[in-house]
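Letter by letter, the chains look like this.
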Amino acid sequence: MKRLVLVILSGVSALSVVRGAQTEPAKPVFVDGQAQIVPAFQDAGSWIRETLWVETEFDSDADGKRDRMFVDVTRPKQTDTEGLHVPVIYESSPYFSGTSGPREFLWNVKQEVGAEPPARTHQPSIDFKPIKPAVSASLVTTWVPRGFAVVHSEAPGTGLSQGCVTVGGAPEELAPKAVIDWLNRRAKGFSKIDGTDADLVTAKWSTGKVGMTGTSYNGTIPVAAATTGVAGLEAIIPVAPNTSYYHYYRSNGLVRHPGGWLGEDIDFLYDFVNSGDPARRGKCDALIRDGLFAKGRDRQHGDYNDFWADRDLLTKVGKIKAAVLMAHAFNDWNVVPEHDSRIAFAVKGKVPLQFYYHQGGHGGNPPLEMMNKWFTRYLYGIQNGVENEPKAWIVREVPPPSPNAAGAAASAGSGRGRGATATPPPTPYADYPNPAAASVTLRLSAGGLTNGGLVTSAPPKQGRETLIDNVEFSGAVLAKAENSANRLIYATPALSQPVHISGTPTITIRMASSKPAVNLSVWLVQLPWADGPIGTSNLITRGWADPQNWKSLTTGGDYHSKTPGTPLKPGEFVSLTFMLQPDDQIIPAGIKIGLMIMSSDRDFTLWPTPGTELTVDLDGTSLKLPIVGGLPAFVQAIRK
């Protein structure tokens, strides 16, 4: 006798024909181009969970054996009981076994620019966890019920993975590649860390199609894996990825620290994640931290070199084949926004590409709907048209929270610069930068110690103006000051209508220093400066550079010159051109756009003794600002 049963799956009706106790096998369900939660996949108690070690093709600790990475898998039981094959959502990280956090072990930033840095004391070792039932629980409750397997791996030298921490470089590219190869039956996995062919574990349940995602370091690894061109990596969603350790710890030749981590450098990060087997740590410290890093990082001069190039993913993008949904925040001053755009612009037109940007701080996934569509399209092959949607999705500005709300958010540990309000839905645009944006050149008119002009054309012979470096004053304090000897500021008239900035501003500055080495920091601000957290109510964007590298800083663009900087001749003028950080911000009517030039930035640069003089030639200095509507829109906005 046949019995017809109507099954409701996330609003979708399906007829299952039941013969006795047997039903149709559970299958993924898709609605509006998205994978839906399937009741048969929801029972976490029935999921198949396993751990293994995947063998790589490298030997980072030089012990004569290929390093093996610790991996976990969580998948629907039907991959065992019903022969179901599923694609994989994969996250890899150096953080899964903990970190060492004491900030007193950061580098001491109180030193002269260009001087040999004082020695740093290494932070205490991370406790080792020799037994772990899994790598991580992240992502599983979102994706397994929707018909995906979730895989995690620990980065080389961390947790139960073998090898050394390398903070970028080939091992961090090839480790995730090996896991993807294992998911495609091209690499070996073992049930024991020292397993032999008698202990092989295979991924016979995998379709071989893999998508990677993660935030910050966990977002860097998907890009690193994609640069290998590994077959099977179909899509990545990197969130706030660090795509160059040079651009993370330096800016245009200058030692510049990540926001919130003043004094961090690559050796501190090595110690911060070095959670692997203690028996291996001493050798890795000697090889990597105290050997390779000490020789290559050049904290004294801040120059780009082969060491940093090896940790720069932009040099390796030619092999990327995966579809890229890149996510970042325009007020991320930890991993600054250029990390995203420099990779995205390099692959634009070569692979499917979409942007998601918000106005907050570090981290922040795209909406689940966007991620679901991306993975459904490229891992399951569902023709949902995502590749035909707008290329850029940008969360627009929201008013800053009240002081009470901001305090509550800080107490709750929000930590992402979004205040207490929920992130609104993004606004679609044809692309990023906005295709209607055009560069508008603005020039300086005298008066920067109080408030000079930022104008489309300035009379000639505006002269020179001098500031005195003093790191005791923050950028916010200097931007608020009615007059100051420690910064120069130039502003447009108050806007009569909003101005939409979309893209990367570029500054050309002709300057001289009273010393052979000096910090150079540039902020683009809204005036009057609004009190409160740094964000869209006061800051537009900012950038930093080392004037000693002026010979390489001639056109703007991504900085990767291996030409060393040379000491300045006190009083001699040099010209340099460099980019500020990318942005997309609508500046409201009533606000003045201000260009602030200062020397040391107490939140980011070294802290030299106050007193260095920096003189700016106003006639040789200009700002190129990408404005939607170009010059006509800007001229209209500054009319009274």
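What counts and how
Residues numbered from 1 in each chain as written. Predicted model: local features only at pLDDT ≥ 70, side-chain atom pairs only at ≥ 80, totals over all residues. Heavy atoms only, no water. Helix = DSSP H or I, 4+ residues; strand = E, 2+ residues; numbered from the N terminus. Rg over C-alpha atoms; globule rule 2.2 N^0.38 Å. Contact = heavy atoms within 4.5 Å. Phe/Tyr/Trp six-rings, centres within 6.5 Å; stacked < 30°, edge-to-face > 60°. Lys NZ or Arg CZ within 6 Å of the ring centre and 35° of its normal. Salt bridge = Lys/Arg side-chain N within 4 Å of Asp/Glu carboxyl O. Buried < 20%, exposed > 50% of the residue type's maximum accessible area, 1.4 Å probe, protein only. Axes fitted to C-alpha atoms, helices over the stretch in contact; angles between N-to-C directions. Parallel < 35°, antiparallel > 145°, perpendicular 65-115°, else oblique. Nonpolar A, V, L, I, M, F, W, Y, C, P; charged D, E, K, R; others polar. Pairing = 2+ DSSP bridges. Disulfide = S-S within 2.5 Å. pLDDT = per-residue confidence, 0-100.

## Looking at the overall build of the protein
What the protein contains, in helices and strands, is 14 helices and 30 strands. Here the C-alpha radius of gyration of the protein, 26 Å, is about what a compact globule of 640 residues would show, namely 26 Å. Oriented by its inertia axes, the alpha-carbon framework of the protein measures out at about 95 × 55 × 45 Å. The long-range share in the protein, meaning contacts at least 24 apart out of those at least 6 apart in sequence, stands at 76%.

## Description of the packing of aromatic side chains
Applying the stated criterion across every chain yields a total of 30 aromatic pairs. Taken together, a centroid distance of 5.0 Å and an interplanar angle of 65° make the contact between Phe-30 and Tyr-380 edge-to-face. You can see Phe-30 sitting in strand β3 (residues 30-31) and its partner Tyr-380 sitting in the loop between α11 (368-379) and β17 (392-394), a full 350 residues away along the chain. Ring-pair connections join several aromatic residues into one group, and the members of that group are Tyr-95, Tyr-217, Tyr-245, Tyr-248, Tyr-249, Trp-261, Phe-268 and Phe-272. Across the ring face of Trp-333, the terminal group of Arg-542 is positioned such that the distance to the ring centre comes to 4.3 Å. Its guanidinium or amino end placed over the ring of Trp-523, Arg-542 lies 4.7 Å from that ring's centre, counting from NZ or CZ.

## Here's the deal with the pattern of salt bridges
Enumeration over the complete set of coordinates arrives at 32 salt bridges. In this structure, Lys-188 and Asp-197 form a salt bridge, with 3.1 Å as the shortest nitrogen-oxygen distance. On the accessibility criterion, Lys-188 (39% relative accessible area) is partly exposed. Between Lys-373 and Glu-389 there is a salt bridge, and its shortest N-O distance comes to 3.1 Å.

## Some remarks on the packing of helix α4 (residues 170-183) against helix α5 (residues 217-226)
For the pair α4 and α5, the least separation of the axes is 8 Å and the interaxial angle reads 80°. The pairing of α4 with α5 is recorded here as roughly perpendicular in orientation. Contact residues: Glu-172, Glu-173 and Pro-176 in α4; Tyr-217, Ile-221, Ala-224 and Ala-225 in α5. The class makeup of the residues in the contact of α4 with α5 is 5 nonpolar, no polar and 2 charged.

## Some details on unusual backbone geometry
Of note, the amide linkage connecting Tyr-432 to Pro-433 takes the cis form, showing an omega dihedral of -5°. Secondary-structure assignment places Pro-433 in the loop between β18 (427-429) and β19 (437-445). For the peptide bond that leads from Leu-527 to Pro-528, omega is 0°, which places it in the cis range. Tracing the backbone through its elements, the reader meets Pro-528 in the loop between β25 (520-527) and β26 (539-545). Phi at Val-167 is positive, roughly 45°, even though this residue is not glycine. Relative to the helices and strands, Val-167 resides in the loop between β8 (149-154) and α4. Unlike most non-glycine residues, Lys-461 shows phi in positive territory, near 55°. For Lys-461, a relative accessible area of 78% puts it in the exposed group.

## Some remarks on the sheet that holds strand β6 (residues 68-75)
Across the sheet, which stays open at both edges, the 12 strands sit in the order β10-β9-β5-β6-β8-β7-β11-β12-β15-β16-β17-β18 with mixed pairing between neighbours. Edge strands, defined here as strands with exactly one partner in the open sheet, are β10 (200-201) and β18. Of the strand pairs in this sheet, β6 and β8 are connected by 4 bridges, and their pairing is antiparallel. Opposite Asp-72, over in β8, you have His-152 as the bridge partner. Of the strands in this sheet, β5 (48-55), β6, β7 (86-93), β8, β9 (189-190), β10, β11 (206-215) and β12 (233-239) touch α4, which is tilted by about 150° from β11.

## Observations concerning helix α10 (residues 338-347)
When you tally the buried positions in α10, you get 8 out of 10 residues, the bulk of the element. Taken residue by residue, α10 has Glu-338, His-339, Asp-340, Ser-341, Arg-342, Ile-343, Ala-344 and Val-347 as its buried positions. Looking at the buried residues of α10, the elements they touch are α5, α6 (245-249), β15 (323-329) and β16 (353-358). At the C-terminal side of α10, Gly-349 shows a positive phi close to 85°.

## Digging into the state of the cysteines
One pass over the full model with this rule turns up 1 disulfide. What pairs with Cys-164 in a disulfide is Cys-284, and their sulfur atoms sit 2.0 Å apart. Between Cys-164 and Cys-284 the sulfur-sulfur dihedral comes to about -80°; the bridge is accordingly left-handed. Placement of Cys-164 in the loop between β8 and α4 and of Cys-284 in helix α8 (residues 278-296) is noted, with a sequence separation of 120 residues between them. Accessibility expressed as a relative area gives 2% for Cys-284, which makes it buried.

## Describing the confidence of the model for the protein
Overall, the prediction assigns the protein a mean pLDDT of 93, with 93% of residues at 70 or greater. Residue range residues 405-421 is modelled with pLDDT below 50. Its contacts to residues more than four positions away, or to other chains, number 21 contacts.

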